[in-house]
Amino acid sequence: MKKILFLITLVLTVSCKIPWYWDSGHDYITFVNDSNILLDVRYEFGYHETNIRQFGRVTFAAPGSGSVDALYNGDRKENWELAFQLYDTVTVQISDSKIADYNVMEEVDENLILQRYYLTLEDVKRLNWILYYPPREVMKDIKMLPPYEEAIKQHENQAE
């Protein structure tokens, strides 16, 4: 009887650990658009220095809005914490929404790509799971193109 009880306890303990996709991690990273234009926001796992238009999920972020859906990962079988175990970096590409007018195979005006963030799990945790465009000072240590100082100057020039 003790062996049977031990086996039942063991099976229940192990089986509770198996459905890792039930983990209560983050399904999304909030994106806040502090600019005055409609943005095309895409992400792709891994480090990408080229246009990621043909990859990833596209979401449009309205000016002055916070969007929960922009960086949603819940349709996959893993939350963001588990995704970062598989990929050390996630590239987030922020573009003017006019980029959507281009065919996927067309060469894109690189000026439409406004910012790229190269995020690690530590980055998003430090940001409390919120990204901003243009980048805020709390983001200055994140790897991004253009770099933080340059991005702020460009945004100030666009606002004038």
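Each chain has its residues counted from 1, running along the sequence as written. Reporting of local features is limited, given that this is a predicted model, to residues whose pLDDT is at least 70; pairs of side-chain atoms are given and counted only at 80 or more, and all residues count toward the totals for whole chains, interfaces and linings. Heavy atoms throughout the structure, all of them, feed into the side-chain values; hydrogens and water do not.

A word on the confidence of the model for the chain
Interpreting fine coordinate detail is not advised for predicted regions of low pLDDT.
Part 1: pLDDT measures the predictor's confidence residue by residue and takes values from 0 up to 100. Summarising the model, the chain shows a mean pLDDT of 77, and 68% of its residues fall at 70 or more.
Part 2: The numbering of helices and of strands both runs from the N terminus, where a helix is a DSSP run of H or I of at least 4 residues and a strand a run of E of at least 2. Within the chain, the lowest mean pLDDT, 52, falls on helix α1 (residues 2–17), and the highest, 95, falls on strand β8 (residues 143–145).
Part 3: Residue contacts follow a heavy-atom distance rule, with two residues in contact if any of their heavy atoms lie within 4.5 Å. For the stretch residues 14–22, pLDDT sits under 50, and the model shows 4 contacts to residues farther than four places along the chain or on other chains.

Here's the deal with the environment of D27
Part 1: Tracing the backbone through its elements, the reader meets D27 in the loop between α1 and β1 (28–33).
Part 2: Measuring from C-alpha to C-alpha, the distance between D27 and L71 comes to 8.5 Å, with 44 residues separating the pair along the chain.

Quick word on the nonpolar core
Part 1: Counting 29 residues, the largest nonpolar core has W80, V92, Y117 and L131 as the members making the most contacts within it.
Part 2: Secondary structure elements with two or more residues in this core: β1, β2 (39–45), α2 (80–86), β5 (90–96), β6 (113–119), α3 (121–126) and β7 (130–133). Nine residue types can take part in a nonpolar core, namely buried Ala, Val, Leu, Ile, Met, Phe, Trp, Tyr and Cys, and a core is a set of them joined through side-chain atoms within 4.5 Å. Residue burial is assigned from relative accessible area. The probe radius is 1.4 Å, only protein chains are included, and a residue is buried under 20% of its type maximum, exposed over 50%, and partly exposed in between.

Brief notes about the pattern of salt bridges
Part 1: We count a salt bridge whenever a side-chain nitrogen from Lys or Arg sits within 4 Å of a carboxyl oxygen from Asp or Glu. Here the structure, examined in full by the defined rule, presents 4 salt bridges.
Part 2: A salt bridge links R136 to D34, with the shortest nitrogen-to-oxygen separation between them at 2.7 Å. Of this pair, R136 sits in the loop between β7 and β8 while D34 sits in the loop between β1 and β2, and the two are 102 residues apart along the sequence.
Part 3: Residue classification places D34 among the partly exposed positions, given a relative accessible area of 37%.
Part 4: In this structure, the salt-bridge partner of D123 is R126, at a minimum N-O distance of 3.0 Å. You can see D123 and its partner R126 sitting in helix α3, 3 residues apart, about one turn around the helix.

Let's talk about the packing of aromatic side chains
Part 1: Each Phe, Tyr or Trp ring (for Trp, its six-membered ring) is paired with any other whose centre lies within 6.5 Å, and the angle between the two planes then decides the class: stacked below 30 degrees, edge-to-face above 60, tilted in between. Summed over all chains, the structure comprises 3 aromatic pairs.
Part 2: On the basis of an interplanar angle of 85° and a centroid distance of 5.8 Å, the ring pair of Y43 and F45 is categorised as edge-to-face. Summarising the burial analysis for this pair, Y43 and F45 share the class buried.
Part 3: Judged by centre distance (4.2 Å) and plane angle (25°), the ring pair of Y47 and Y118 falls under stacked.

Quick notes on the side chain of S95
Part 1: As for its placement among the helices and strands, S95 is situated in strand β5.
Part 2: Between N or O atoms, a polar contact is any pair within 3.5 Å; within protein, one atom must be a potential hydrogen donor and the other a potential acceptor, and residues adjacent in sequence are included only when both atoms are from side chains. At 3.5 Å, the side chain of S95 and the side chain of Q93 are in polar contact.
Part 3: In contact with S95, not counting residues within four places along its chain, are L38, L39, D40, L112, I113 and L114.

Brief notes about the side chain of D96
Part 1: Position of D96 relative to the elements: it lies in strand β5.
Part 2: We count Lys and Arg on the positive side and Asp and Glu on the negative side, and we leave His and both chain ends out. At 4.4 Å, K98 is the nearest oppositely charged side chain to D96, a buried residue that forms no salt bridge.
Part 3: At 2.9 Å, the side chain of D96 forms a polar contact with the backbone nitrogen of K98.
Part 4: Among residues more than four places away in sequence, those in contact with D96 are I37, L38, D40, L112 and L114.

Describing the pairing of β5
Each regular strand carries side chains that alternate between the two faces of the sheet.
Part 1: Most of β5 sits inside the fold, with 7 of its 7 residues counted as buried.
Part 2: Pairing between two strands is assigned when DSSP locates at least 2 bridges connecting them. Bridge analysis of β5 against β6 gives 6 bridges, and the strand direction is antiparallel. Its bridge partner being in β6, V90 is matched across the sheet by L119.

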